[in-house]
Amino acid sequence: MASRLFYGSKAIVWDEYLTGPFGLIAQYSLLKEHEVEKMFTLKGSRLPAADVKNIIFFVRPRLELMDIIAENVLSEDRRGPARDFHILFVPRRSLLCEQRLKDLGVLGSFIHREEYSLDLIPFDGDLLSMESEGAFKECYLESDQTSLYHAAKGLMTLQALYGTIPQIFGKGECARQVANMMIRMKREFTGSQNSIFPVFDNLLLLDRNVDLLTPLATQLTYEGLIDEIYGIQNSYVKLPPEKFAPKKQGDGGKDLPTEAKKLQLNSAEELYAEIRDKNFNAVGSVLSKKAKVISAAFEERHNAKTVGEIKQFVSQLPHMQAARGSLANHTSIAELIKDVTTSEDFFDKLTVEQEFMSGIDTDKVNSYVEECIAQKHPLIKVLRLVCLQSVCNSGLKQKVLDYYKREILQTYGYEHILTLHNLEKAGLLKPQLGGRNNYPTIRKTLRLWMDDVNEQNPTDISYVYSGYAPLSVRLAQLLSRPGWRSIEEVLRILPGPHFEERQPLPTGLQKKRQPGENRITLIFFLGGVTFAEIAALRFLSQLEDGGTEYVIATTKLMNGASWIESLMEKPF
């Protein structure tokens, strides 16, 4: 723990973005044990008063944050007893940032300048994320491979803990680079032989730009829709409070809470674990069944006659009350989501998305998109739809593309020309080259569109988008069975190389699989992953005859809106 470096009482000044990820690995009680007495958010001007010996800044290596730190330090020196300053860069030190602190005249004030390498953060039993918000933009727009290096380092740490992964498969340019870095790091680290029995059988590295389509579509799982509508940040969601206010008789709705309701969402909650990955249309029936079970359990108290029976009922009470609270919360969330999904506009948008994904009218200007622009709907919504159309048509005809660009710039302002340029560079919104649309070939070969989807009792991963099977997950499914040789033609159409590497294991560590024992595949999404893709992979893990269980890692948990937003240039 970094706090062991500094003796005496401490105050931590947090870069606000880091508080969420750190909250998942270190509770305040743990920090208190290490003499952390105060915590502040990094803001300009003076630091709040705190009677401590050490002040530790936890920050990302960003130049604009260095200016704020300098302001804090300079205003500090002029009053009160001297305190020791320290700075911890997450995940790496930056010479550029240290130079900026030097130029501002405060570098000498820091006794320690260290880095805290926070590579992969556990979000759930089968989910790890680096939460690197700029990874996609850095890799595909700025040719900056820093996040790939951290992905490779994170994977090396995992191998040190859980054994060498015997086989590495990959698809995409970034995947190739991460695999190369891992091989190089292993070569440079030859001194010690990893003698841990391997937990994972395979590693699959997947570039986000191999499948640009999936995040653009609206996710239709319960967790996916919560994220689409309210945004899940570091496993927490903030919801409108009025749905969660306790209803009192004759209150007439006075004094409704104004503070957003904050809930943590993960599989530790029994009900959430059961419904998070279901299609939203299948959630209502689960909730009503649960309600009957819970009320029947509470009715049991009337049947408890003996002291022993009453004791047993009382011992189950805390669990039953937690289950009732959980049911009330998820019923409220489901009602909030239903208000959105039953609206006319949601239906219209979904219809257009599904037409694009099934290959209908992708080559001409879409009237619904025109309408959205004319009515000045949120720009991110419009960009998502236009990018989806472009991806489902292997790029748009120049005439159609120019029309969309002109309409967007005239309606939303010319400062967005930089954003359109970014989307083109990322391959999301581009002209069709060579006049060929490869999407139908990809769609048919990989069975990306399924007409008869069973949302209640799914038999295929396409249930997560009510018809569309995520391309990324279909690639993982086909790799596990029958193998990628069966889809060579499609792999050549998709961007970037595909490859396989073997990592030799010392004798005695090779796995002898028992009949019926599943393989475990670690799948790493470079550039981000959506909750719908995670749901689809969990569905494959749970199949009776699937043969493979998946653990998921990524550079960032994201959805279409947060992804497009990360590629938008802020107007000056």
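Position numbers for residues start from 1 in each chain and track the written sequence from start to end. Selection of residues for local features in this predicted model requires a pLDDT of at least 70, selection of side-chain atom pairs for listing and counting requires 80 or more, and totals for whole chains, interfaces and linings are taken over all residues. Hydrogen atoms and water are omitted, and side-chain values are computed over all heavy atoms in the structure.

Labelled according to an unreviewed UniProt entry, the protein chain appears under the name Vacuolar protein sorting-associated protein 33A, originating from Equus caballus. UniProt positions are given in the numbering used here, feature names are shortened, and annotations may be inferred rather than shown by experiment. According to the UniProt record, the Sequence similarities (unreviewed entry) comment for the protein chain reads "Belongs to the STXBP/unc-18/SEC1 family."

Visitor: Pulling in residues and values, what's your account of the sheet that holds strand β10 (residues 232–233)?
Guide: A pair of strands counts as paired when DSSP detects no fewer than two bridges linking them. Strands here mean DSSP runs of E at least two residues long; helices mean DSSP runs of H or I at least four residues long; both are numbered from the N terminus. Judged by pairing direction, the sheet is antiparallel, and its three strands sit side by side in the order β10-β11-β12 without closing on themselves. In the strand order of this sheet, the two ends are held by β10 and β12 (261–264), each with one partner. Note: strand β11 (residues 236–239) against β12, four bridges, orientation antiparallel. Pairing of Leu-239 across the sheet is with Lys-261, part of β12.

Visitor: A description of the side chain of Glu-98 should follow, citing residues and the corresponding values.
Guide: Along the polypeptide, Glu-98 turns up in helix α4 (residues 95–103). Not counting residues within four places of it along the chain, the set of residues in contact with Glu-98 comprises Phe-89, Arg-93, Leu-107 and Arg-113. Residues are treated as being in contact if the distance between any of their heavy atoms lies within 4.5 Å.

Visitor: How would you sum up the sheet that holds strand β8 (residues 167–171)? Please name residues and give values.
Guide: Overall, mixed pairing links the seven strands, which are arranged β6-β7-β15-β14-β9-β8-β13 in an open sheet. The open sheet has two edge strands with one neighbour each: β6 (121–124) and β13 (498–502). Between one strand axis and the next, the sheet turns through 20° on average, direction left out of account. One ladder, built from seven bridges, connects strand β14 (residues 519–526) with strand β15 (residues 548–554); its direction is parallel. Its bridge partner lying in β15, Arg-519 is registered against Thr-548. Every axis in this analysis is a line fitted to C-alpha atoms, fitted for helices over the stretch in contact. Angles between the N-to-C directions lie between 0 and 180 degrees. Of the strands in this sheet, β7 (127–129), β9 (202–207) and β14 are in contact with helix α6 (residues 146–162), which crosses β14 at around 160°.

Visitor: So what's going on with α4? Residues and values would help.
Guide: Because the α-helix completes a turn every 3.6 residues, residues three or four places apart line up on one side. Looking only at α4, the buried set comprises Cys-97, Glu-98 and Leu-101. Along α4, the residues classed as buried sweep out an arc of 100° about the axis, all on the same side. Exposed residues lying more than 90 degrees from the buried face of α4 are Leu-95, Leu-96, Lys-102 and Asp-103. Buried residues belonging to α4 abut α3 (63–76), β4 (84–89) and β5 (110–115). Relative accessibility thresholds used throughout: buried, under 20% of the residue-type maximum; exposed, over 50%; partly exposed, between the two (1.4 Å probe, protein chains only). Note that the arc is computed from the directions linking the helix axis to the C-beta atoms.

Visitor: Let's hear about the pairing of strand β1 (residues 10–14): which residues, and what values?
Guide: Most of β1 is tucked away: five of the five residues are buried. Neither face of β1 is left uncovered, since the one carrying Lys-10, Ile-12 and Trp-14 and the one carrying Ala-11 and Val-13 both have all their residues buried. Summarising the sheet, β1 and strand β3 (residues 54–59) pair through five bridges and their orientation is parallel. Paired with Val-13 across the strands is Phe-57, a residue of β3. As defined by bridge partners, β1 adjoins strand β2 (residues 36–41) across five bridges and the pair is classed as parallel. Its bridge partner lying in β2, Lys-10 is registered against Val-36.

Visitor: Could you give me a rundown of the packing of helix α14 (residues 379–391) against helix α15 (residues 398–412), with the residues and numbers involved?
Guide: Packing of α14 against α15 brings their axes to within 12 Å, and their N-to-C directions diverge by 175°. Viewed along their axes, α14 and α15 adopt a mutual orientation that is roughly antiparallel. Counting all contacts with α14, which are made through Leu-379, Val-382, Leu-383, Val-386 and Gln-389, the residues of α15 involved are Tyr-404, Ile-408 and Tyr-412. Split by residue class, the contact of α14 with α15 holds seven nonpolar, one polar and no charged. Should an angle fall under 35 degrees it is called roughly parallel, over 145 degrees roughly antiparallel, and 65 to 115 degrees roughly perpendicular, with every other angle called oblique. For this classification, the nonpolar set comprises Ala, Val, Leu, Ile, Met, Phe, Trp, Tyr, Cys and Pro, the charged set comprises Asp, Glu, Lys and Arg, and every other residue, Gly included, is treated as polar.

Visitor: Which residues make up empty space enclosed by the protein, and what are the values?
Guide: Remark: the empty space left among the atoms is shown by a probe the size of a water molecule rolled over them. The pocket and cavity definitions rest on a 1 Å grid over protein atoms only: a 1.4 Å probe that fits but cannot leave marks a cavity, an open set with protein on both sides within 12 Å along at least five of seven lines marks a pocket, and residues lining either have an atom within 4 Å of a point. Grid points are joined across faces, edges and corners, and a volume is the space filled by probe spheres set on the points. By the definition in use, this model includes one cavity of 30 Å³ or more. One number sums up the size of the largest cavity: a volume of about 110 Å³. For the largest cavity, the lining is made up of 15 residues, of which Phe-123, Ile-232, Ser-235, Phe-531 and Leu-557 are closest to its centre. Listing elements by their share of the lining of the largest cavity, those giving two or more residues are β6 and β10.

Visitor: So, helix α7 (residues 173–188): which residues are in play, and what are the values?
Guide: The span expected for a helix works out to 1.5 Å for each residue beyond the first. For α7, spanning 16 residues, the distance from its first C-alpha to its last is 23 Å, which sits close to the expected 22 Å at 1.5 Å a residue. Considered for burial, the residues of α7 that qualify are Cys-174, Ala-175, Arg-176, Val-178, Ala-179, Met-181, Met-182 and Met-185. Elements in contact with the buried residues of α7: α5 (135–140), α6, β8, β9, β13 and β14.

Visitor: Please provide a residue-by-residue account of the side chain of Thr-555, values included.
Guide: Secondary-structure assignment places Thr-555 in the loop between β15 and α21 (560–567). Look at Thr-555 and you get buried, because its relative accessible area is 2%. Definition of a polar contact: a pair of N or O atoms within 3.5 Å, with one able to donate and the other able to accept a hydrogen when the atoms are protein atoms, and with sequence-neighbouring residues admitted only if both atoms are side-chain atoms. At a separation of 2.9 Å, a polar atom in the side chain of Thr-555 contacts the main-chain amide nitrogen of Gly-527. Apart from the residues within four sequence positions on either side, Thr-555 is in contact with Ser-129, Met-130, Glu-131, Ser-132, Ala-135, Phe-524, Phe-525, Leu-526, Gly-527 and Gly-528.

Visitor: Talk me through the nonpolar core; I want residue IDs and the actual numbers.
Guide: Side chains of nonpolar character tend, in soluble globular proteins, to be buried together. We define a nonpolar core as any set of buried Ala, Val, Leu, Ile, Met, Phe, Trp, Tyr and Cys residues linked to one another through side-chain atoms lying within 4.5 Å. Counting residues in each nonpolar core, the largest one holds 151 residues, and the members touching the most others are Leu-205, Leu-428, Leu-475 and Phe-524. Filtering out sequence-adjacent residues up to four positions away, Phe-524 remains in contact with Leu-120, Met-130, Ala-151, Leu-155, Leu-203, Leu-204, Leu-205, Leu-206, Ala-553, Thr-554 and Thr-555. Listed in part, the 23 residues of the second largest apolar core include Leu-47, Phe-57, Leu-107 and Phe-110.

Visitor: If you had to explain the environment of Leu-396 to someone new, which residues and values would you point to?
Guide: When you line up the elements, Leu-396 lands in the loop between α14 and α15. The buried category is assigned to Leu-396, whose relative accessible area is 0%. Apart from the residues within four sequence positions on either side, Leu-396 is in contact with Thr-362, Val-386, Gln-389, Ser-390, Leu-401, Tyr-404, Leu-429, Lys-430, Pro-431 and Gln-432.

Visitor: So what's going on with the packing of aromatic side chains? Residues and values would help.
Guide: Both the distance between ring centres and the angle between the ring planes are used here to describe each pair of aromatic rings. Between 30 and 60 degrees the pair is tilted, below 30 it is stacked and above 60 it is edge-to-face, where a pair is any two Phe, Tyr or Trp rings, Trp via its six-membered ring, whose centres lie within 6.5 Å. Under the counting rule described, the total for this entry stands at 16 aromatic pairs. Geometrically, the ring pair formed by Tyr-222 and Phe-280 is stacked, given 6.4 Å between the ring centres and 5° between the ring planes. Residue Tyr-222 is found in helix α8 (residues 222–230), and its partner Phe-280 is found in the loop between α9 (270–275) and α10 (283–299); the two are separated by 58 residues along the sequence. There is no split in this pair, since Tyr-222 and Phe-280 are both buried. One aromatic cluster is present, formed by Trp-14, Phe-22, Phe-58 and Tyr-116 through successive ring pairs. For a ring to carry a charge above it, either NZ of a lysine or CZ of an arginine must fall within 6 Å of the ring centroid while also lying within 35 degrees of the normal to the ring plane. Above the ring of Tyr-236, the side-chain terminus of Lys-262 is found at 4.8 Å from the ring centroid.

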